[in-house]
Amino acid sequence: MLKFAFKNMAIKKVQIILIIVSIVISAGVGVLSFNVSEQVSEGLTNNAGYYSAIIGPSGSATQLAMNTMYFTDEPVGTIPYSLVSELAQDNRVTEAIPFAMADNYNGFSVVGTTPAFLSAKTVAQGNMFDQTKTFQAVVGSKVAELNDLKIGDKLYTSHSASGDDKHATPLTVVGILEESHSGFDKIVFTQLKTIWQAHDHGDEGEHDEAAVGVDMLSADTNEQNGNVHETPDHGGHENNGHEDEGEHEGEAHGQTVCAILIKTVNPTYAMSIVNEYDGRVYMHGDESYSLQAIEPMDTMRGVLEETDNTKYIVFVLCAIILIMNIIIISIITLLNMYHSAKEISLMRLIGISMKKINMLYLIQNSIIGLISTALAFGVSRACLLLMSDYVESMGAVLNMAKVYPLEILILVAVFLISVIPTVICTMVMSKKDGINN
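The model shown is predicted, which means the values in this text are computed figures rather than measured ones.

So, the overall build of the protein
A tally of regular secondary structure across the protein gives twelve helices and 15 strands. Taking all 437 residues of the protein together, 49% fall into the buried category.

See the structure below:
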């Protein structure tokens with residue numbers, strides 16, 4: 001019976017191909033749209049819920065959130081590092097993590113921060129960079145893989161993607177992060193003061209104002225996290241140039257960061273901090289900075305609402321395609337049955353029961369359904385690979401191995417849709433004269 005089914009399919013290959021293509025399109029689009037929407041939503045919400053608030057320069061709230069949590073887009077601007085010290089003393093704050101994005105290594109962004117920023121990540125090889133030192137780097141798994149990096153390798157970062165303006169002092173790879181299927185896989189992380197020192201006069205002989213996100217007036221290359229101040233106006237504190245085991249007694253004027261990521265004791269404190277700092281004008285010396293403060297989860301909900309609307313549109317289109325498939329498959333099956341009337345009559349004459357004949361066509365369409373759903377799944381994975389670069393610009397990384405239970409249900413439903421018309425048609429045809437007699 002199975003052998004005869006394959007021979008019958010080979011004779012009617014044009015109709016079979018039409019059925020397979022229609023099923024692959026509908027099932028492939030349905031599975032792909034669901035998988036992408038779920039992975040993007042998970043990628044955006046996972047990081048958004050990790051921080052209570054983010055403070056940065058005034059501008060686009062979405063840009064601030066996407067840049068600091070997903071490393072997309074460019075920084076909104078810069079704010080004084082002294083604000084980190086102010087927040088660190090706040091009883092409502094458990095952590096105030098500075099963030100600065102500047103330069104790149106072979107097209108991969110370089111982020112200056114503290115080890116606390118990577119506390120939720122696992123270092124697969126080597127160790128976390130030492131906050132008290134400079135020019136150490138922990139790289140994402142994709143950065144290491146695509147550049148064949150190992151512990152101890154030197155990275156020469158540059159301002160532009162062309163790499164023509166490399167810094168004189170390289171970063172030394174001290175750690176490689178475990179793959180997390182997130183934006184962290186494609187970032188080079190280093191100490192915040194490495195970013196400052198790389199753009200100091202001492203590194204390249206002149207102040208470099210082209211650095212993305214770090215606009216330095218003057219830079220202090222030593223540890224600053226132990227120095228906090230109680231007042232928001234730090235203009236009266238000047239660096240006296242004295243060093244004691246790598247630490248200065250005062251903060252240097254002009255050190256800036258792109259944003260500050262904040263964890264609070266409870267959500268209520270996060271709201272109060274956002275209300276306090278959003279729209280505030282912060283004075284640092286003779287300079288004034290207009291701030292914005294956001295709750296990242298609220299900001300990302302707005303982004304996800306747009307994504308959800310697109311997802312629903314795609315699902316409606318998939319439903320329409322599925323309905324069209326049911327009609328197409330039913331028509332083709334019915335035509336095949338009518339064209340096979342003589343064959344069916346002949347099989348009946350030689351003693352083959354109608355039950356076996358119905359089973360033949362059921363097996364045939366089951367094979368078609370299995371081939372179609374398998375191809376649809378394969379096509380959806382190929383599309384995930386092709387879409388990965390675009391989705392990464394949204395701050396999420398697509399994992400081709402990620403399969404959701406609903407995807408399996410969609411494929412099963414499509415398989416049943418490809419078989420049910422055959423069952424109905426064979427039952428109808430079996431009642432006609434000359435077939436069931």
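Quick word on the packing of aromatic side chains
Scanning the model with the defined rule gives eleven aromatic pairs in all. Ring centres of Phe34 and Tyr404 lie 5.8 Å apart, and the angle between their planes is 90°; on these two criteria the pair is classed as edge-to-face. In this pair, Phe34 is assigned in helix H2 (residues 13-48) and Tyr404 in the loop between helix H11 (354-392) and helix H12 (405-430), connecting sequence segments 370 residues apart. Exposure class is identical for Phe34 and Tyr404. Each is buried. Relative to Phe184, the ring of Phe71 lies with its centre 5.0 Å away and its plane at 85°, an arrangement referred to as edge-to-face. Linking Phe71 in the loop between helix H3 (61-70) and strand S2 (79-80) with Phe184 in the loop between strand S8 (171-177) and strand S9 (188-191), this pair joins segments that are 113 residues apart in sequence. An aromatic cluster is present here, built from Tyr51, Phe71, Phe99, Phe117, Phe184 and Phe189 joined pairwise through their rings. When the ring centre of Phe184 is taken as origin, the NZ or CZ atom of Lys121, which lies over that ring, is 4.4 Å away.

Points about the nonpolar core
The tendency in soluble globular proteins is for nonpolar side chains to be buried side by side. Ile55, Phe71, Leu83, Phe117, Phe189 and Ile260 are the most contacted members of the largest nonpolar core, which has 57 residues in total. Top contributing element to this core by residue count: strand S3 (residues 93-105), with six residues. Not counting residues within four places of it along the chain, the set of residues in contact with Ile55 comprises Leu64, Ile79, Leu83, Leu87, Ala259, Ile260, Ile262, Ile273, Tyr277, Leu291, Gln292 and Ala293.

Points about the side chain of Glu407
Topologically, Glu407 is positioned in helix H12. Residue classification places Glu407 among the buried positions, given a relative accessible area of 0%. Ignoring any residue separated from it by four or fewer positions in sequence, one finds Glu407 in contact with Val31, Phe34, Asn35, Arg381 and Lys402.

Examining unusual backbone geometry
Phi at Phe71 is positive, roughly 60°, even though this residue is not glycine. When its relative accessible area of 8% is taken as the criterion, Phe71 is described as buried. Of note, Asp103 is a non-glycine position whose phi angle comes to about 70°, a positive value. Mapped onto the fold, Asp103 is located in strand S3.

Comments concerning the pairing of strand S14 (residues 281-284)
Side chains Tyr282 and His284 project from S14 onto a buried face, and the interleaved Val281 and Met283 project onto a face without burial. Hairpin connection between S14 and strand S15 (residues 287-294): a loop of two residues separates the two successive antiparallel strands, and Gly285 in this loop has a positive phi of roughly 65°.

Side note on empty space enclosed by the protein
Per the counting criterion, the structure on display carries three cavities of 30 Å³ or more. Considered as a void within the structure, the second largest cavity measures approximately 70 Å³ in volume. Lining of the second largest cavity is provided by Asp103, Val110, Phe135, Thr157, His167, Thr169, Leu171, Thr190, Thr194, Ile195 and Ala198. Per-element tally for the lining of the second largest cavity: the top contributor is helix H6 (residues 192-198), with three residues. For the lining of the second largest cavity, the class distribution of residues is five nonpolar, five polar and one charged.

A word on a nonpolar patch on the surface
Nonpolar side chains collect at one region of the surface, where Val403, Ile408, Val412, Leu416, Ile420 and Ile424 lie side by side and expose about 490 Å² of accessible area between them. Here Leu416 is to be found in helix H12. Residue Leu416 is classed as partly exposed on the basis of its relative accessible area, which comes to 42%.

Looking at the environment of Ser41
Summarising the element assignment, Ser41 is placed in helix H2. Considered as a pair, Ser41 and Leu304 are 263 residues apart in the sequence and their alpha carbons are 6.7 Å apart.

Some thoughts on the pattern of salt bridges
In total, this model carries eight salt bridges according to the counting rule given. Here Arg92 makes a salt bridge to Glu276, at a shortest N to O gap of 2.7 Å. Placement of Arg92 in the loop between helix H4 (82-88) and S3 and of Glu276 in helix H8 (residues 267-277) is noted, with a sequence separation of 184 residues between them. Residue class for Glu276 comes out partly exposed when judged on its relative accessible area of 39%. Notably, a salt bridge pairs Lys142 with Glu179, separated by 4.0 Å at the nearest N-O pair. Here Glu179 lies in the loop between S8 and S9 and Lys142 lies in helix H5 (residues 141-147), a separation of 37 residues in the sequence. Residue class for Lys142 comes out partly exposed when judged on its relative accessible area of 26%.

Criteria and thresholds
- Residues numbered from 1 in each chain as written.
- Predicted model: local features only at pLDDT ≥ 70, side-chain atom pairs only at ≥ 80, totals over all residues.
- Heavy atoms only, no water.
- Helix = DSSP H or I, 4+ residues; strand = E, 2+ residues; numbered from the N terminus.
- Buried < 20%, exposed > 50% of the residue type's maximum accessible area, 1.4 Å probe, protein only.
- Phe/Tyr/Trp six-rings, centres within 6.5 Å; stacked < 30°, edge-to-face > 60°.
- Lys NZ or Arg CZ within 6 Å of the ring centre and 35° of its normal.
- Core = buried A, V, L, I, M, F, W, Y, C linked by side-chain atoms within 4.5 Å.
- Contact = heavy atoms within 4.5 Å.
- Pairing = 2+ DSSP bridges.
- 1 Å grid on protein atoms, 1.4 Å probe; cavity = no way out; pocket = protein on both sides within 12 Å on 5 of 7 lines; lining within 4 Å.
- Points joined across faces, edges and corners; volume = space filled by probe spheres on them.
- Nonpolar A, V, L, I, M, F, W, Y, C, P; charged D, E, K, R; others polar.
- Patch = residues over 30% accessible without salt bridge, like charges linked within 9 Å, V, L, I, M, F, W, Y side chains within 5 Å.
- Areas by Shrake-Rupley, 256 points an atom, 1.4 Å probe, with all protein chains shown as cover.
- Salt bridge = Lys/Arg side-chain N within 4 Å of Asp/Glu carboxyl O.

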